[in-house]
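# Observations on chain architecture
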Amino acid sequence: MKAPADSAALPAHARLVARDDVWLEGNAVQQLARVAALPGCVRAVGMPDLHAGRGIPIGAAFAFADRVVPELIGGDAGCGVRLVATSIGRMAPDALERRARQAMDDDPLAECDPRAVFERVWERGARGLAELDGVPEALARLAAAELEDSLRPSGDASPYRAGYEGALGSVGGGNHFLEVARVGALRDPASAKALGLSAGELVVVAHSGSRGLGGALGQRWGGAVLEGDAAEPYLGELAGACRFARANRLLLAYRMLRALGASRASTITGGLDLTHNDVAREAVGGELAWVHRKGAAPARGSDFTVVLGSRGAPSWVMRSCDAEAGLRSVAHGAGRKMGRSEAREKIAARYRRRELVRTELGGRVVCDDPALLLEEHPDAYKPIEPVIESLVEAGLATPVAPLVPVLTVKR
DNA sequence: ATGTCC
């Protein structure tokens, strides 16, 4: 059994955003304290989904005055979530499941030259897909409508030209997924409207990252600590990996939109894309600092952000409060309650196999990996409500609308 | 989280 958190162990410039009713693992808080104590760290914020990683906790943001620490981003650079809002009201569950399976088998880039795919995506991100020869027209239109990726130019691509384009449009393992969800009762109708969300309509949610490419980036920069101009090559390569990850999510969303019959522009009413693992230069305490987000969603300006639930609990679209006290970030999800091996044992004992592919809220699950089906069961996750309330009470974001999972695809 | 290897 995991030990509970002791927040007294934290230094003054570190903070936990979690109500008393949110379970936090002691080891995760120790890791937060350890990173906060690194030279140059001026602020550290642990979110209510904080959990222990390999030395670096996940579900946190760290501000460093004068240096970039690649280890804090880790091997899943650019991981994040894309939301696409549609005007589709309903679809028969059997048909949706069948068409989703089909969409996962079809390769939308089959007609494209793999080298051209890599180059366009590295330099131009999701928008680069629109410029490819052989890309389906509906995907090209979707990609062309993308906002320009971050202004930072991509760095040297040469260490990453190794066949990673084959991973584009793939979900991956762990907590990554591709989902159809239904918009629930609106909490902030004006904000929902601005984002193109209407109660009862379907949305697509893609949570995935840069796959093996991010792993290569993490390996290459290992334990480096980068000050001044020395950070530029890493930041350029990180920008390329983030563009790759965004394009991956666009392709995933396209696949599911096609399954929904919603890939026409007129049925797409809005959307957003958020990166959970990234570094940005932002104002902290009146000075510019390098804000490292590690499993944390940006919540800047009055933009929208998303906190992922589990496949058995709603995700929440929220409106950012631009709160510097939370390093302009929010939790990226509900956070795990059980470790993976613990989940495999307990959940296998609790349910029959056929029960595992249905959820309490009436959703379906498509997952061909029996271990992953257990590891990612909703019972392995914390309840989402105290997580959302923690963010609201801390003044980081306000609720806009819940997204209730209808069909979740893994791997 | 990952690809790869046991």
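Procedures and definitions
Residues numbered from 1 in each chain as written. Chains lettered and ligands numbered in written order. Predicted model: local features only at pLDDT ≥ 70, side-chain atom pairs only at ≥ 80, totals over all residues. Heavy atoms only, no water. Helix = DSSP H or I, 4+ residues; strand = E, 2+ residues; numbered from the N terminus. Buried < 20%, exposed > 50% of the residue type's maximum accessible area, 1.4 Å probe, protein only. Contact = heavy atoms within 4.5 Å. Areas by Shrake-Rupley, 256 points an atom, 1.4 Å probe, with all protein chains shown as cover. Salt bridge = Lys/Arg side-chain N within 4 Å of Asp/Glu carboxyl O. Near = heavy atom within 4 Å. Polar contact = N/O pair within 3.5 Å; in protein donor to acceptor, adjacent residues only side chain to side chain. Nonpolar A, V, L, I, M, F, W, Y, C, P; charged D, E, K, R; others polar. Pairing = 2+ DSSP bridges. Axes fitted to C-alpha atoms, helices over the stretch in contact; angles between N-to-C directions. Phe/Tyr/Trp six-rings, centres within 6.5 Å; stacked < 30°, edge-to-face > 60°.

Turning our attention to the overall build of chain A. The helix and strand tally for chain A stands at 11 helices and 17 strands. Taken along the three principal axes of its C-alpha coordinates, chain A extends 55 × 50 × 45 Å. Among the 411 residues that make up chain A, the fraction classed as buried is 58%. Summarising the internal contacts of chain A: among those between residues at least 6 apart in sequence, 76% fall at separations of at least 24. As displayed, chain A has an accessible area near 16,500 Å², and 49% of this comes from carbon and sulfur atoms.

Scanning the entire structure with this criterion turns up 31 salt bridges. With its nearest N and O atoms 2.5 Å apart, the salt bridge here joins Arg-161 to Glu-119. Placement of Arg-161 in the loop between α4 (137-144) and β6 (177-183) and of Glu-119 in helix α3 (residues 114-124) is noted, with a sequence separation of 42 residues between them. Residue class for Glu-119 comes out partly exposed when judged on its relative accessible area of 30%. Its salt-bridge partner being Arg-328, residue Asp-322 comes within 3.2 Å of it at the nearest N-O pair. Given a relative accessible area of 15%, Arg-328 falls into the buried group.

Here the focus is the protein's contact with DNA strand B. Taken together, Arg-54, Asp-76, Gly-172, Gly-173, Gly-174, Asn-175, His-176, Arg-211, Gly-212 and Arg-340 make up the full set of residues near DNA strand B. For DNA strand B, the backbone portion of the atoms within 4 Å of the protein, that is sugar and phosphate, comes to 95%. One of the side-chain N or O atoms of Arg-211 is found 3.2 Å from a phosphate oxygen in DNA strand B. Residues belonging to the surface near DNA strand B are distributed by class as follows: no nonpolar, 6 polar and 4 charged.

Turning our eyes to something else, we now look at unusual backbone geometry. For Asp-322, which is not a glycine, the phi torsion comes out positive at approximately 55 degrees. Looking at the element boundaries, Asp-322 is found in the loop between β14 (315-320) and β15 (329-331). Unlike most non-glycine residues, Arg-328 shows phi in positive territory, near 45 degrees. Summarising the element assignment, Arg-328 is placed in the loop between β14 and β15.

Burial of strand β5 (residues 80-86) is extensive: 7 of the 7 residues sit out of reach of the surface. Judged by which residues are buried, β5 turns out to be covered on both faces: Gly-80, Arg-82, Val-84 and Thr-86 on one side and Val-81, Leu-83 and Ala-85 on the other are all buried. Strand direction decides the pairing type here: β5 and strand β7 (residues 202-208), joined by 6 bridges, are antiparallel. Residue pairing across strands places Arg-82 opposite Ala-206, the latter belonging to β7.

Read from one edge to the other, the open sheet built from 5 strands follows the order β1-β2-β3-β11-β10, with strand pairing classed as mixed. Each of the sheet's edge strands pairs with one partner strand only, and the pair in question is β1 (14-16) and β10 (277-284). The mean inter-strand angle of the sheet, taken between neighbouring strand axes irrespective of direction, is 20 degrees. Of the strand pairs in this sheet, strand β3 (residues 58-64) and strand β11 (residues 287-294) are connected by 5 bridges, and their pairing is antiparallel. Looking at the pairing, Phe-62 lines up with His-292 of β11.

For the rest of this paragraph, the subject is the side chain of Thr-275. As for its position among the elements, Thr-275 is in strand β9 (residues 268-275). Setting aside chain neighbours within four positions, we find Thr-275 in contact with Gly-78, Cys-79, Gly-80, Cys-242, Arg-249, Ala-296 and Pro-298.

Taken as a whole and assessed by the stated rule, the structure comprises 3 aromatic pairs. With 5.8 Å between their ring centres and 25 degrees between their planes, Phe-118 and Trp-122 make a pair best called stacked. Taken together, the residues span about one helical turn, with Phe-118 and Trp-122 both in helix α3 at a distance of 4 residues. A single burial state applies to Phe-118 and to Trp-122, both of which are buried. Taken together, a centroid distance of 5.2 Å and an interplanar angle of 25 degrees make the contact between Trp-122 and Tyr-160 stacked. Taken as a pair, Trp-122 in helix α3 and Tyr-160 in the loop between α4 and β6 lie far apart in primary sequence, 38 residues in all.

The next thing to look at is the environment of Gln-102. As for its position among the elements, Gln-102 is in helix α2 (residues 93-105). With relative accessibility at 46%, the residue Gln-102 sits in the partly exposed group. Separated by 153 residues in the primary sequence, Gln-102 and Arg-255 place their C-alpha atoms 9.1 Å from one another.

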